[in-house]
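# An overview of the molecular structure
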Amino acid sequence: MRGILLLLVSLHGSALAQTTEELIANLRSPIVKTRLEAARKLGERRQREAAEPLAHVLRTDARADVRREAARALGLIKDETTVPALLAALSDAHREVRLAAILALVSFYIETNIEFITAERRGWQVLNPFLSTHEATIVEPETNVDERIIQGLLRVAQSDGDLGVRHAAIRALGVLRATTVVPQLGRLFVGHSALRVELLKTFMKLGDPRAGPYLIPFLNDSNADVRKSALIAVGLLRIAEAVPKLIEVFERPRDEETARLALEALARIGDRAAEKIFLQNLEHPLAERRRFAAEGLARLGDTTYVERISRLRLQERDRRVQLAHAFALYRLGRREFLEAIFQELDGRHHAQAASYLLEVEPENLYPFLQRGSLRARQAVVEALGRIGSREAIEYLKPLLRAEDPVLVNAANLAIQRIERRERAKSVPPEPRTRPRRVGKPTEADGEDAFRVRTSLGRGSRESR
């Protein structure tokens, strides 16, 4: 009896462990469930020989859900020969297939945390006011993305009949750093009010100041989401041309949040025209206003304010404002206050302190690589990866022998970022770089190598 059971278990296991050849054959099965399962498993295996059969399914299968699964699988396999099939799928009759094709094309370059591209967003609460172009869901700055993909996504953003699909294409262009199409995206502001918030968020990601002229008209828009997004965007992009309008918005705001965001944008830009506003708000009852006033003076660089800021710092009780004072004093020549910023990397306001490190002279950060907590040192390494030159590499290399693997990996990534940036300075970019096929990821492959987990709605029922 035991032998019979073992035999049955063995036979069952063999049935489950289908070969790639069997799965490819199953893509032509008359049974929909079999085709779906085959496409899913072939994607998980990431085997190149499955690419063309899956592309054929994407082009020809009568079922939208099967075509959708084929698109997902191709995004995992990443064979450049299937890009034309995925681009064609951007025009599929069913929205879920078009959405899957968008995610698949993005997956050729990054797989981590991209599900938001096709998520439904509602209201102001979904916008992260601290959005950075360096967040995880965006490709590295020096990544050359296939221009066919950029142009395909742009066409969807411009003309797809489904608003949700257009939103997804706009987000995808942000993730892929599609700075070459900033003018085309900017023109979508006219007559497409439903797209404006997504366009503004994408411009934040792209970090390209050429977006400025398209943002300024919306700084005092009657739509709160558009207005707030535009205010954040001009600050993040440091659009100096926006300063007169920002001052106007600040002085006659629709509400306190609008005034605060306008002040924050002015502080990020650090223009002399806003100096009076910064001084007026240094001792404002609201802590956030005091913070942004100090940051604005920091970026003006006028050392005549050192004494006043030092005095106010001694009187200040709010830790965020104290931190802004330390940043201002550092920027105004008091280098010893960098220590206060470094100490806060272990505190409640880590993100604020870490953002200041991106405006520190790289050589001032080198001593902090060898002391402090893991969290603090990791933030310093991250900052050097963003702002450091080739000189910084020599200071980062010893961390490749650190005991903590998190610190080792952070240093390795920082060094790679600096090297890519330095190479980009001396080598002209290629006109087109096709996506490179990536094999099945391992734990050592880093943050962009994990599987995509999409969550798309099922299409309408169709006959087999």
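Structure report, in brief. (Residues numbered from 1 in each chain as written. Predicted model: local features only at pLDDT ≥ 70, side-chain atom pairs only at ≥ 80, totals over all residues. Heavy atoms only, no water.)

## Side note on the nonpolar core
In this structure, Leu-54 and Ile-102 are the most contacted members of the largest nonpolar core, which totals 146 residues. For this core, the element with the most residues is helix α7 (residues 95-107), which contributes nine residues. Filtering out sequence-adjacent residues up to four positions away, Ile-102 remains in contact with Leu-90, Ile-117, Leu-153, Val-156, Val-165, Ala-168, Ala-169 and Ala-172. (Core = buried A, V, L, I, M, F, W, Y, C linked by side-chain atoms within 4.5 Å. Buried < 20%, exposed > 50% of the residue type's maximum accessible area, 1.4 Å probe, protein only. Helix = DSSP H or I, 4+ residues; strand = E, 2+ residues; numbered from the N terminus. Contact = heavy atoms within 4.5 Å.)

## Points about the pattern of salt bridges
For the structure on display, the rule yields 43 salt bridges. Across the pair Glu-37 and Lys-41 runs a salt bridge, and its minimum N-O distance is 3.8 Å. Here Glu-37 pairs with Lys-41, and both are found in helix α3 (residues 32-45), just four residues apart, close to one helical turn. According to the relative accessible area criterion, Glu-37 is partly exposed, its value standing at 32%. We note a salt bridge from Arg-299 to Glu-359, for which the minimum N-O separation is 2.7 Å. Pair noted here: Arg-299 is in helix α17 (residues 287-300) and Glu-359 is in the loop between α21 (350-357) and α22 (362-365), with a separation of 60 residues, a long-range link. Assessed through its relative accessible area of 15%, Arg-299 is described here as buried. (Salt bridge = Lys/Arg side-chain N within 4 Å of Asp/Glu carboxyl O.)

## Thoughts on the packing of helix α18 (residues 306-315) against helix α19 (residues 319-331)
Close contact between α18 and α19 brings their axes to 10 Å; oriented N to C, the two are set at 155°. Viewed along their axes, α18 and α19 adopt a mutual orientation that is roughly antiparallel. Crossing angle aside, the handedness with which α18 passes α19 is left-handed. Only Arg-319, Gln-322, His-325, Ala-326, Ala-328 and Leu-329 of α19 make contact with α18, whose side of the interface consists of Val-306, Ile-309, Ser-310, Leu-312 and Arg-313. (Axes fitted to C-alpha atoms, helices over the stretch in contact; angles between N-to-C directions. Parallel < 35°, antiparallel > 145°, perpendicular 65-115°, else oblique. Left-handed = near helix turned anticlockwise from the far one by under 90°.)

## Re unusual backbone geometry
If you check the backbone angles, Asn-113 has positive phi at about 55° while not being a glycine. The residue Asn-113 is located in the loop between α7 and α8 (147-159) in this model. On the basis of relative accessibility, which here comes to 45%, the residue Asn-113 falls in the partly exposed class. Residue Arg-177 is not a glycine yet carries a positive backbone phi of 50°. Of note, Arg-177 is situated in the loop between α9 (163-175) and α10 (182-187).

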